[in-house]
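Summary of structural features
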Amino acid sequence: ETGVTQTPRHLVMGMTNKKSLKCEQHLGHNAMYWYKQSAKKPLELMFVYNFKEQTENNSVPSRFSPECPNSSHLFLHLHTLQPEDSALYLCASSQSSLGGNYGYTFGSGTRLTVV
Amino acid sequence: SQQGEEDPQALSIQEGENATMNCSYKTSINNLQWYRQNSGRGLVHLILIRSNEREKHSGRLRVTLDTSKKSSSLLITASRAADTASYFCAAKTSYDKVIFGPGTSLSVIP
């Protein structure tokens, strides 16, 4: 257990469904991140939150909608996804949004399959 | 092109042997990090080496950094079957971006 918990571990959804991914960290970190990991591609940073304010959105399609109600919780709301959105979605946290200074703590990920 | 690129893409060794993975990057960095990922799981932070450091050790791990060649290597000594995983380098650039490479898949055969 890393201190970053993601639920659910697996999710299968249709293209017209609406679902949410949840991430919770118990490390007292102030920054949280969503990453997408597709087969044979490097990790793609999607969103960054620092002290629950969004500080980065890497041109992510609007069908992905993040929410950060506090520094410990992060959600990724999904709607009208495409099959190419199938991937492993990883949540990470760090002491600050300068997470690169210390490294990231990752959750175990949600394996998303869009059918 | 990618900031961090690991080499080789895949590596297969016998248990007890040493495994060496390399990472190259293109711009100036503040630090370079190595992560391990077991199949279908999240990444685990292994070690971080800062740009003013040349070598760092953690248990059976040894990381080197050569900023003149823009490269880093991760050495795992006396490998075990449990070391089977994908290994990623992540370069923290001087403009505060952290960019991950595509990873090296390591198989340690018992």
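Residues numbered from 1 in each chain as written. Chains lettered and ligands numbered in written order. Predicted model: local features only at pLDDT ≥ 70, side-chain atom pairs only at ≥ 80, totals over all residues. Heavy atoms only, no water.

1. Looking at the overall build of chain B
The helix and strand inventory of chain B stands at zero helices and 11 strands. Each helix and strand of chain B, placed in order from N terminus to C terminus, yields the pattern β-β-β-β-β-β-β-β-β-β-β. For 110 residues, the compact-globule formula gives about 13 Å, and the C-alpha radius of gyration of chain B, at 13 Å, lands near that figure. Taken along the three principal axes of its C-alpha coordinates, chain B extends 40 × 25 × 20 Å. In chain B, the share of contacts with a sequence separation of at least 24, taken over all contacts with a separation of at least 6, comes to 55%. In chain B, 13 positive and 10 negative side-chain charges are present, and the distance between their average locations comes to 6 Å. (Helix = DSSP H or I, 4+ residues; strand = E, 2+ residues; numbered from the N terminus. Rg over C-alpha atoms; globule rule 2.2 N^0.38 Å. Contact = heavy atoms within 4.5 Å. Lys, Arg positive; Asp, Glu negative; His and termini not counted. Charge placed at Lys NZ, Arg CZ, Asp CG, Glu CD.)

2. Considerations on the interface of chain B and chain A
Across the boundary between the two partners, chain B contributes 20 residues, which contact 19 residues of chain A. Taken together, the two surfaces of chain B and chain A that pack against each other cover about 1500 Å², and 51% of this comes from carbon and sulfur. At the surface where chain B touches chain A, the tally comes to one salt bridge. The residue Glu56(A) makes a salt bridge to Lys97(B) at a minimum N-O spacing of 2.7 Å. A class-by-class count of the residues in the side of chain B that touches chain A yields seven nonpolar, eight polar and five charged. (Buried area = accessible area lost by both parts, 1.4 Å probe. Salt bridge = Lys/Arg side-chain N within 4 Å of Asp/Glu carboxyl O. Nonpolar A, V, L, I, M, F, W, Y, C, P; charged D, E, K, R; others polar.)

3. A short note on the confidence of the model for chain B
In the predicted model, chain B carries a mean pLDDT of 92, and 96% of its residues have values of at least 70. Of all helices and strands in chain B, the one with the weakest mean pLDDT is strand E1 (residues 5-7) of chain B (78), whereas strand E7 (residues 61-66) of chain B scores best (98). (pLDDT = per-residue confidence, 0-100.)

4. Some words on unusual backbone geometry
Most peptide bonds adopt trans geometry, and most residues besides glycine take a negative phi value. The amide bond that connects Thr7(A) to the next residue, Pro8(A), takes the cis arrangement and shows omega of -5°. Mapping Pro8(A) onto the fold places it in the loop between strand E1 (4-7) and strand E2 (10-13). One non-glycine residue with positive phi stands out, namely Lys70(B), at about 50°. Position of Lys70(B) relative to the elements: it lies in the loop between E7 and strand E8 (71-76).

5. Details of the sheet that holds strand E6 (residues 55-58) of chain B
Hydrogen bonds between backbone atoms are what pair the strands of a sheet, whose relative direction is either parallel or antiparallel. All names here are of chain B. Spatially, E1-E3-E8-E7-E6 is the arrangement adopted by the five strands of the open sheet, whose pairing is antiparallel. Looking along the sheet, the strands with just one partner apiece sit at the ends: E1 and E6. For this sheet the average axis-to-axis angle between neighbouring strands, irrespective of direction, equals 20°. Bridging between E6 and E7 involves four bridges; their strand directions are antiparallel. Across the sheet, the residue bridging to Ser58 is Leu61, located in E7. (Pairing = 2+ DSSP bridges. Axes fitted to C-alpha atoms, helices over the stretch in contact; angles between N-to-C directions.)

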